[in-house]
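# Commentary on secondary and tertiary structure
The primary structure of each chain is shown beneath.
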Amino acid sequence: MRIPFPPLDRLVPDHVRGFEAYIPSRPDDVLCRLYRCERLYRLNNNENPLGPPEAARKVLDNWPPSEASVYPSGDAYHLRCRLGERLGLDPDCFIVGNGANEVIAFVIKAFCKEGDNIVTADRTFAVYEWVAQFSGFEARVLPLKDDRFDGEAMLAAMDERTKVLFLCNPNNPTGTYWSEDELRSFLDSVNGRCIVVVDEAYMEFVEASDFPRTVSMLDDYPNLVVFRTFSKMYGLAGLRIGYLFGDRRVVDDIRRTCVVYSVNGPAQVAAMAALSDDGPHIKGTRKMCRKAREYLLEELAGMGLPHTVREGNFAVVSLPMSDTLAYRKLMRRGIMIRSMTGFRAPNQIRVTLSTLSVMEEFVKALRGIIT
Ligand SMILES: *Cc1c(COP(=O)(O)O)cnc(C)c1O
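The rules behind these values
- Residues numbered from 1 in each chain as written.
- Predicted model: local features only at pLDDT ≥ 70, side-chain atom pairs only at ≥ 80, totals over all residues.
- Heavy atoms only, no water.
- Near = heavy atom within 4 Å.
- Polar contact = N/O pair within 3.5 Å; in protein donor to acceptor, adjacent residues only side chain to side chain.
- Nonpolar A, V, L, I, M, F, W, Y, C, P; charged D, E, K, R; others polar.
- Salt bridge = Lys/Arg side-chain N within 4 Å of Asp/Glu carboxyl O.
- Buried < 20%, exposed > 50% of the residue type's maximum accessible area, 1.4 Å probe, protein only.
- Patch = residues over 30% accessible without salt bridge, like charges linked within 9 Å, V, L, I, M, F, W, Y side chains within 5 Å.
- Areas by Shrake-Rupley, 256 points an atom, 1.4 Å probe, with all protein chains shown as cover.
- Helix = DSSP H or I, 4+ residues; strand = E, 2+ residues; numbered from the N terminus.
- Domains from an automatic or database assignment.
- Contact = heavy atoms within 4.5 Å.
- Buried area = accessible area lost by both parts, 1.4 Å probe.
- Core = buried A, V, L, I, M, F, W, Y, C linked by side-chain atoms within 4.5 Å.
- Phe/Tyr/Trp six-rings, centres within 6.5 Å; stacked < 30°, edge-to-face > 60°.
- UniProt positions renumbered as here; feature names shortened; annotations may be inferred.
- Pairing = 2+ DSSP bridges.

### Comments concerning the site of the ligand
In the region of the ligand, 13 residues are neighbours, and Ala-100, Asp-199, Thr-229, Ser-231 and Lys-232 sit closest. A distance of 2.7 Å separates an oxygen atom of the ligand from a polar side-chain atom of Arg-240. Looking at side-chain class alone, the shell around the ligand contains five nonpolar, five polar and three charged residues.

### Digging into the pattern of salt bridges
Within this structure, the stated rule accounts for 26 salt bridges. Asp-9 is paired through a salt bridge with Arg-17; the nearest N and O atoms lie 3.0 Å apart. By relative accessible area, Asp-9 is classed as exposed at 68%. The class of Arg-17 is partly exposed, set by a relative accessible area of 44%.

### What about a nonpolar patch on the surface?
A cluster of nonpolar residues, Phe-5, Leu-8 and Leu-11, forms a patch on the protein surface that exposes about 320 Å² of accessible area. Following the sequence through the fold, Phe-5 ends up in the segment before α1 (8–11). Judged by its relative accessible area of 67%, Phe-5 is exposed.

### Section: the domain arrangement of the chain
If you check the domain split of the chain, you get domain 1 (8–51 + 279–370) and domain 2 (54–276). Tallying the contact residues gives 29 residues for domain 1 and 32 residues for domain 2. With both sides pooled, the region where domain 1 packs onto domain 2 buries about 2,600 Å², and carbon together with sulfur makes up 58% of that total. Viewed at the interface, domain 2 and domain 1 are joined by three salt bridges. Taken together, the connections running from domain 1 to domain 2 amount to 13 residue pairs in polar contact (both at pLDDT 80 or more).

### Structural notes on the nonpolar core
Leu-79, Phe-166 and Phe-362 are the most contacted members of the largest nonpolar core, which totals 118 residues. Counting residues per element, this core draws most heavily on helix α12 (residues 278–303), at eight residues. When we break this core down by domain, the ones giving at least three residues each are domain 1 (8–51 + 279–370) and domain 2 (54–276). Setting aside its immediate chain neighbours within four residues, Phe-362 contacts Leu-43, Leu-296, Ile-335, Ile-337, Ile-349 and Val-351.

### Here's the deal with the packing of aromatic side chains
The way to describe two aromatic rings as a pair is by their centre distance and the angle between their planes. Evaluated as defined, the whole model comprises 15 aromatic pairs. Judged by centre distance (5.8 Å) and plane angle (40°), the ring pair of Phe-230 and Tyr-243 falls under tilted. Taken together, the residues Phe-230 in the loop between β7 (224–229) and β8 (242–246) and Tyr-243 in strand β8 connect sequence positions 13 residues apart. What makes Phe-230 buried here is its relative accessible area of 1%.

### Description of the environment of Phe-106
Relative to the assigned elements, Phe-106 resides in helix α6 (residues 100–111). The class of Phe-106 is buried, set by a relative accessible area of 2%. When the C-alpha positions of Phe-106 and Arg-255 are compared, they lie 7.5 Å apart, and in sequence the two are 149 residues distant.

### As for the UniProt feature "modified residue: N6-(pyridoxal phosphate)lysine" (unreviewed entry) in the chain
The positions that UniProt labels "modified residue: N6-(pyridoxal phosphate)lysine" (unreviewed entry) are, in the present scheme, Lys-232. Within the secondary structure layout, Lys-232 lies in the loop between β7 and β8. The contact partners of Lys-232, leaving out residues within four places of it in the chain, are Asn-45, Asn-46, Asn-48, Ala-201, Tyr-202 and Phe-205. Separated by 3.2 Å, the side chains of Lys-232 and Tyr-202 make a polar contact.

### Thoughts on the pairing of β8
In terms of burial, β8 is largely enclosed, as five of its five residues are buried. Because side chains alternate across β8, one face comprises the buried residues Gly-242, Leu-244 and Gly-246, and the other comprises Tyr-243 and Phe-245, equally buried. Inspection of the sheet shows strand β2 (residues 94–97) paired to β8 by four bridges, in the antiparallel sense. The residue bridging Phe-94 from the neighbouring strand is Phe-245, located in β8. Sheet topology places β7 next to β8; five bridges connect them, and they run antiparallel. Across the sheet, residue Thr-229 finds its bridge partner in β8, namely Gly-242.

### As for the pairing of strand β10 (residues 314–318)
Within β10, four of the five residues are buried, which leaves the element mostly enclosed by the surrounding structure. Where strand β9 (residues 307–308) meets β10, two bridges bridge the pair, whose relative direction is antiparallel. Counted as the bridge partner of His-307 is Val-317 from β10. Hairpin connection of β9 to β10: five residues between the antiparallel strands, including Gly-312 at a positive phi of 95°. Bridge count for β10 against strand β13 (residues 348–352) is five bridges, and the pairing is antiparallel. The residue of β13 that forms the bridge with Ser-318 is Gln-348.

### Here's the deal with the sheet that holds β10
In space, the four strands of this open sheet follow the order β9-β10-β13-β12, with antiparallel pairing throughout. Since the sheet does not close on itself, it has two edges, and those belong to β9 and β12 (338–339), each with one partner.

Right, dumping it as structure tokens:
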């Protein structure tokens, strides 16, 4: 006799039941069959088409398969030491995670309990909001103002149950950024009342000289926690590795919520190697982005499509049709973009900056679907 089916209505909390699961895209082979395209350019995830720096490639090539049977360093010891030297911080100021995505969960778990909230924006990286919600916490999501975080509104939305503010700098997807002066004055107003996360996933792409040097702001603002990732500029998205840093005492509390061994061995050695010779890599990637930006600006203006191409390795384009329809039409032409309905901006798409030839393919496909 079969036992009764588990009473999911009772077992699953409402905040989990009410949450719409994120559906990742299917693998290339499946999509190519589905959309009848021969090859697929993925311009949806802001990956670096140049791949990882040379030294990281070498380390991966030489990674001994026998090491697969051994657990990696549980807390990415050597990588944290390397990051510490590089940024001039104690290695214990860092927590490395399975992508920056994982450290978002560490932070929310460390600070929020029932009835608490986090504050962020509506058109920014959605994972802050998602993790809060499916963990049972309120996410106060404020509209951007002129494509920028509205600091005043965020301050007004804060209360004594606000534990974490999440800023994305530069912002994905709008490409706007807080200058150091702006960030400092915002942090002055927050006045240490809660944790302020600044997600710098795209900081290596920024060339503006007034971009904040958050490392040297920690002394003044010990409530500041910074996220970075090896997924974007460093071309290691497939290995899943990112990190946070902050004041040692704050990080010591976040560390209590970490699952050790979540960062695999190849990711740790590749990340270390990537840091060791990132100069030429960053220079080359920035150059590619500049060319893509120039090209897109000209073509999109020519097509009369409103667009923003600011900081970061992505652009946003407004279309005279729904973004989900545009997604399907572009997929048939072998181009995957990010539809912006998820960012509460229907009719807009986000496209990753890539090599000139891929940008040309994108523009060709875009012309094809709007005419
Ligand atoms: C891509 C991205 C991340 C996540 O990076 P992973 O390290 O791959 O998890 C975090 N924040 C922003 C804003 C991103 O765009």
